[in-house]
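Fold and contact review
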Amino acid sequence: SKPAPDYAGCAADATRALELGNTAWFVSVNRGLARAHLGQFRAAAADFDAGLARLAADDRRRAWPVRHRGYVRERAGDLAGALADAAEAAKLDPK
């Protein structure tokens with residue numbers, strides 16, 4: 001059988017990478033995904049924000065973290081933010 005994903009370990013590894021100066025957008029986004037799985041929705045949203053800050057406003061890769069940020073915003077009770085993210089993701093990647 002397959003072992004359970006180690007979301008806490010993933011979040012810790014991403015935190016360490018950020019502490020060491022890694023500025024790749026996907027490091028913050030991956031930590032956000034791990035935190036979302038751990039139920040840390042507000043922290044996950046902040047990680048998605050940090051990753052998005054490293055991408056140009058017209059970069060289509062923004063659609064993926066924006067979609068996930070919308071999910072964690074909804075889970076945290078921010079329905080207006082979740083809807084805004086859904087609309088932004090649809091504009092960035094309409095497929």
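Refer to the preceding data block for the structure.
Residues numbered from 1 in each chain as written. Predicted model: local features only at pLDDT ≥ 70, side-chain atom pairs only at ≥ 80, totals over all residues. Heavy atoms only, no water.

**Considering the packing of helix H2 (residues 25–37) against helix H4 (residues 63–75)**
Between H2 and H4, the least distance of the axes is 11 Å, while the angle of their chain directions is 30°. Here H4 runs roughly parallel to H2, going by the angle between their axes. For the pair H2 and H4, the crossing hand works out as left-handed. Counting all contacts with H2, which are made through Trp25, Val29, Asn30, Leu33 and Ala36, the residues of H4 involved are Trp64, Pro65, His68 and Val72. Residue composition of the contact of H2 with H4, by class: 7 nonpolar, 2 polar and no charged. (Axes fitted to C-alpha atoms, helices over the stretch in contact; angles between N-to-C directions. Helix = DSSP H or I, 4+ residues; strand = E, 2+ residues; numbered from the N terminus. Parallel < 35°, antiparallel > 145°, perpendicular 65-115°, else oblique. Left-handed = near helix turned anticlockwise from the far one by under 90°. Contact = heavy atoms within 4.5 Å. Nonpolar A, V, L, I, M, F, W, Y, C, P; charged D, E, K, R; others polar.)

**Quick word on the packing of aromatic side chains**
A complete count under the given rule lists 3 aromatic pairs for this structure. Pairing Trp25 with Trp64 gives two aromatic rings, centres 6.4 Å apart and planes at 85°, and the pair type is edge-to-face. Note that Trp25 is positioned in helix H2 and Trp64 in helix H4, a separation of 39 residues in sequence. Aromatic pair Phe41 and Tyr71: ring centres 6.5 Å apart, planes at 85°, arrangement edge-to-face. Of the two residues, Phe41 is situated in helix H3 (residues 41–52) and Tyr71 in helix H4; the sequence distance between them amounts to 30 residues. Judged by its relative accessible area of 41%, Tyr71 is partly exposed. Taken together, the ring pairs connect Trp25, Phe26 and Trp64 into an aromatic cluster. (Phe/Tyr/Trp six-rings, centres within 6.5 Å; stacked < 30°, edge-to-face > 60°. Buried < 20%, exposed > 50% of the residue type's maximum accessible area, 1.4 Å probe, protein only.)

**Regarding helix H5 (residues 79–92)**
With 14 residues, H5 extends 20 Å from end C-alpha to end C-alpha; this agrees with the ideal 20 Å at 1.5 Å per step. Among all positions in H5, only Gly81, Ala82, Asp85, Ala89 and Leu92 are buried. Projected down its long axis, H5 shows its buried positions confined to an angular sector of 100°, all on one face. Across H5 from its buried face, at more than 90 degrees, point the exposed residues Leu79, Ala80, Leu83 and Lys91. (Expected span 1.5 Å × (residues − 1). Arc of directions from axis to C-beta.)

**Considering the packing of helix H1 (residues 7–19) against H2**
Two numbers describe a pair of packed helices, the interaxial angle and the distance between the axes. Viewed as axis vectors pointing N to C, H1 and H2 meet at an angle of 150°, and their least axial separation amounts to 8 Å. The angle between H1 and H2 falls in the class roughly antiparallel. Judged by the sense of rotation from one axis to the other, the crossing of H1 with H2 is left-handed. The residues of H2 that touch H1, namely those facing Tyr7, Cys10, Ala11, Ala14, Thr15, Ala17 and Leu18, are Val27, Ser28, Asn30, Arg31, Ala34, Arg35 and His37. Of the residues assigned to the contact of H1 with H2, the class counts are 8 nonpolar, 4 polar and 2 charged.

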